[in-house]
Amino acid sequence: MLVMIRYTLRCPEGHEFDSWFKSASAFDALRAGGHVTCAVCGAGGVEKALMAPRVRAGRDRAAPAAPDDTDTPARDPAPQPQADTPLSQPASETERRIAALRAHVEANSDDVGLRFAEEARRMHSGDAPARAIHGEAKFDEARALIDEGVPVAPLPFRRRRDTN
Ligand SMILES: [Zn+2]
């Protein structure tokens, strides 16, 4: 399972939106330069918070964004497109969106590979600087992290095998 940590940003008007940054210092530099603004109203003064645990499965798109979803049980991710799809077949809208998400995640978060669970715990306990990371964790590991309150979310694609 490929998982990551992302930031939720919050503007002074209370709008929340998700974003990824290469590192905490990159966020600070962009924010100091006035380049981080609210995705909803364009206000500056955006603050950063770690994402509340949320499992992104296709089935929960109608669920309300309840603030007290911290004990959301980990679930198996939504069915994934199979890798044996012929290359000549046009990509579905879902596949295009997954490909765009993969490109964004790979460009904006650190790949910590199989050390994901260890790094996520160190960040959560303050032993490592908070930043956006992604890497691999077994389903049980991801579930344990969520149980501990570490804000991880599964990603709907596999990690590239040649990056580690
Ligand atoms: Zn706003």
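1. Side note on the overall build of the protein chain
- Across its full length, the protein chain carries 4 helices and 7 strands.
- Counting all 164 residues of the protein chain, 22% fall into the buried class.
- Sequence-distant contacts, at least 24 apart, represent 62% of the contacts inside the protein chain between residues at least 6 apart.

2. Describing helix 3 (residues 116-125)
- Within helix 3 the residues assigned to the buried category are Phe-116, Ala-117, Ala-120 and Met-123. Buried residues of helix 3, seen end-on, are gathered within an arc of 130° and therefore sit on one face of the element.

3. A look at the nonpolar core
- Among the nonpolar cores identified, the biggest contains 18 residues, and Phe-116, Ala-117, Ala-120, Ile-133, Ala-142, Leu-145 and Val-152 are the most heavily contacted of them.
- At the level of elements, strand 2 (7-10), helix 3 and helix 4 (139-147) are the ones that each hand at least two residues to this core.
- Here this core gets 4 residues from one element, more than from any other, and that element is helix 3.

4. Some words on the pairing of strand 6 (residues 133-136)
- One ladder, built from 3 bridges, connects strand 5 (residues 110-113) with strand 6; its direction is parallel. Among the inter-strand pairings, Gly-113 is bridged to a residue of strand 6, identified as Gly-135.
- At this point the chain moves from strand 5, through helix 3, to the parallel strand 6, and the crossover so formed is right-handed.

5. Brief notes about the pairing of strand 2
- What you see with strand 2 is a clean split: Tyr-7 and Leu-9 sit on the buried side and Thr-8 and Arg-10 on the side with no burial.
- In sequence, strand 2 turns back onto strand 3 (residues 16-19) through a hairpin of 5 residues, with Gly-14 there showing a positive phi of about 95°.

6. Observations regarding the confidence of the model for the protein chain
- Looking at the protein chain, pLDDT values average 73 and 65% of them are 70 or higher.
- Here residues 51-63 is a poorly scored stretch, pLDDT under 50, and it has 28 contacts once near neighbours within four places are set aside; other chains count.

7. As for the environment of Leu-114
- Mapping Leu-114 onto the fold places it in the loop between strand 5 and helix 3.
- According to the C-beta neighbour criterion, Leu-114 is exposed, with 12 such atoms within 10 Å.

8. Details of the environment of Leu-155
- Of note, Leu-155 is situated in the segment after strand 7 (153-154).
- Taking the number of C-beta atoms within 10 Å as the measure of exposure, Leu-155 has 19 and is therefore partly exposed.
- Considering only alpha carbons, one finds Leu-155 and Leu-101, 54 residues apart in sequence, at a separation of 8.8 Å.

Calculation criteria
Residues numbered from 1 in each chain as written. Predicted model: local features only at pLDDT ≥ 70, side-chain atom pairs only at ≥ 80, totals over all residues. Helix = DSSP H or I, 4+ residues; strand = E, 2+ residues; numbered from the N terminus. Buried ≥ 20, exposed ≤ 12 C-beta atoms within 10 Å, placed from the backbone. Contact = placed C-beta atoms within 7 Å. Arc of directions from axis to C-beta. Core = buried A, V, L, I, M, F, W, Y, C linked by C-beta atoms within 7 Å. Pairing = 2+ DSSP bridges. Right-handed = clockwise from strand over helix to strand, strands pointing away. pLDDT = per-residue confidence, 0-100.

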